[in-house]
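Fold and contact review
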Amino acid sequence: ASSQRIANDKAATFDVLEAAGLAAVPHRLFMHPRFLAFMSVEGNWRAMREAFEAVGGAAVLKANEGTGGMELARVRSEAEPELATQRLFNTSRALALSPFLKIASETRFVLLDGVCVLAYGKERASVTGDGRSTLLALIAGAVARGALPATGLDLSGLDLAAIPNRDATVAVQWRHNLG
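Below, the structure is looked at part by part. Just so it is clear, the model here is predicted, and its values are computed rather than measured. (Residues numbered from 1 in each chain as written. Predicted model: local features only at pLDDT ≥ 70, side-chain atom pairs only at ≥ 80, totals over all residues. Heavy atoms only, no water.)

1. As for a nonpolar patch on the surface
Where nonpolar side chains cluster on the molecular surface, the patch consists of Val 110, Leu 112, Val 115, Val 117 and Leu 118 and spans about 440 Å² of accessible area. For the nonpolar patch, the secondary structure elements donating two or more residues are strand E5 (105–112) and strand E6 (115–123). Per-element accounting of the nonpolar patch gives the leading share, three residues, to E6. As for its placement among the helices and strands, Leu 118 is situated in strand E6. (Patch = residues over 30% accessible without salt bridge, like charges linked within 9 Å, V, L, I, M, F, W, Y side chains within 5 Å. Areas by Shrake-Rupley, 256 points an atom, 1.4 Å probe, with all protein chains shown as cover. Salt bridge = Lys/Arg side-chain N within 4 Å of Asp/Glu carboxyl O. Helix = DSSP H or I, 4+ residues; strand = E, 2+ residues; numbered from the N terminus.)

See the structure below:
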């Protein structure tokens, strides 16, 4: 039961992995202000700004306990962490701030006594080029077929008029979802 609770808590998982000397993406815990009695007198905001700056101004804020890709925000400017924090604290008791990393794919393994008992992958929503269609046409076709969600795609920074090469994969979402 303790292992399950730790695994569901992003900041606790990072702390345990770091203490064991294992590589892990840092997750910094921030409690809802209603738990001020359990926090330093300063509260969250200064520490959150420092953590945001420490990761180079590119971070992800998310509910500290399992979200399945929901209730998270990519933050890239000084104002965005504050706005995201206010929104996320509407539904969460605690938040985790982690650096935003450009990861092509993610695979997790669960080991029991050194034996892998479970492995799963997380993948980003993407389209595959055909060498003829624009990126916008590929996305529209994938949405129409139900291969991509109609909402939640992150098309910022993409040239929608570009024609991806045949078999080229183009990510259209910054989040990784369980696959």
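Alright, that's what it looks like, and here's the rest.
2. Comments concerning the environment of Leu 118
Look at Leu 118 and you get partly exposed, because its relative accessible area is 44%. Residues Leu 118 and Phe 30, 88 residues apart in the sequence, show an inter-C-alpha distance of 30 Å. (Buried < 20%, exposed > 50% of the residue type's maximum accessible area, 1.4 Å probe, protein only.)

3. Details of empty space enclosed by the protein
Under the criterion given, the structure shown has one cavity of 30 Å³ or more. Reported here for the largest cavity is a volume of approximately 40 Å³. The leading source of residues in the lining of the largest cavity is helix H3 (residues 45–54), at four residues. Residues that form the lining of the largest cavity fall into these classes: three nonpolar, no polar and three charged. (1 Å grid on protein atoms, 1.4 Å probe; cavity = no way out; pocket = protein on both sides within 12 Å on 5 of 7 lines; lining within 4 Å. Points joined across faces, edges and corners; volume = space filled by probe spheres on them. Nonpolar A, V, L, I, M, F, W, Y, C, P; charged D, E, K, R; others polar.)

4. Examining unusual backbone geometry
Positive phi, normally seen in glycine, also occurs at Asp 113, with a value near 55°. Within the fold, Asp 113 resides in the loop between E5 and E6. Of the residues examined, Asp 113 reaches a relative accessible area of 76% and is grouped as exposed. Non-glycine residue Asp 167 carries a positive phi angle of around 70°. Among the residues examined, Asp 167 registers a relative accessible area of 59% and is labelled exposed.

5. A few points about helix H2 (residues 10–19)
Along H2, the residues classified as buried are Lys 10, Ala 11 and Phe 14. The buried residues of H2 occupy one face: seen down the axis, they fall within an arc of 100°. On the buried face of H2, the contacting elements are strand E1 (28–31), strand E2 (59–63) and strand E4 (94–99). Two or three places before Ala 11, at the opening of H2, Asp 9 has a side-chain oxygen 3.2 Å from that residue's backbone nitrogen. Positive phi appears at Gly 21, one or two residues downstream of H2, with a value of about 80°. (Arc of directions from axis to C-beta. Contact = heavy atoms within 4.5 Å. Polar contact = N/O pair within 3.5 Å; in protein donor to acceptor, adjacent residues only side chain to side chain.)

6. Topic: the pattern of salt bridges
Inspection of every chain in the model, using the stated rule, returns two salt bridges. A salt bridge links Glu 78 to Arg 49, with the nearest nitrogen and oxygen atoms 2.7 Å apart. Of this pair, Glu 78 sits in the loop between strand E3 (72–75) and helix H4 (79–88) while Arg 49 sits in helix H3, and the two are 29 residues apart along the sequence. Residue Glu 78 is classed as exposed on the basis of its relative accessible area, which comes to 54%. What makes Arg 49 partly exposed here is its relative accessible area of 33%. With a shortest N-O distance of 3.7 Å, Arg 132 and Asp 130 are connected by a salt bridge.

7. Remarks on the packing of aromatic side chains
Under the definition given, this model contains zero aromatic pairs. The ring of Phe 100 has Arg 74 lying over it, and the distance from NZ or CZ to the ring centre is 3.6 Å. (Phe/Tyr/Trp six-rings, centres within 6.5 Å; stacked < 30°, edge-to-face > 60°. Lys NZ or Arg CZ within 6 Å of the ring centre and 35° of its normal.)

8. Observations concerning the sheet that holds E2
With respect to topology, four strands assemble into an open sheet ordered E1-E4-E2-E3, the strand pairing being antiparallel. In this open sheet, the two strands that pair with only one neighbour each are E1 and E3. Averaged over neighbouring strand pairs, the angle between their axes works out to 25° when direction is ignored. Direction of pairing for E2 relative to E3: antiparallel, over a ladder of four bridges. Paired with Ala 59 across the two strands is Val 75, which belongs to E3. Together, E1, E2, E3 and E4 form the strand contacts of H3, whose direction differs from that of E1 by roughly 155°. (Pairing = 2+ DSSP bridges. Axes fitted to C-alpha atoms, helices over the stretch in contact; angles between N-to-C directions.)

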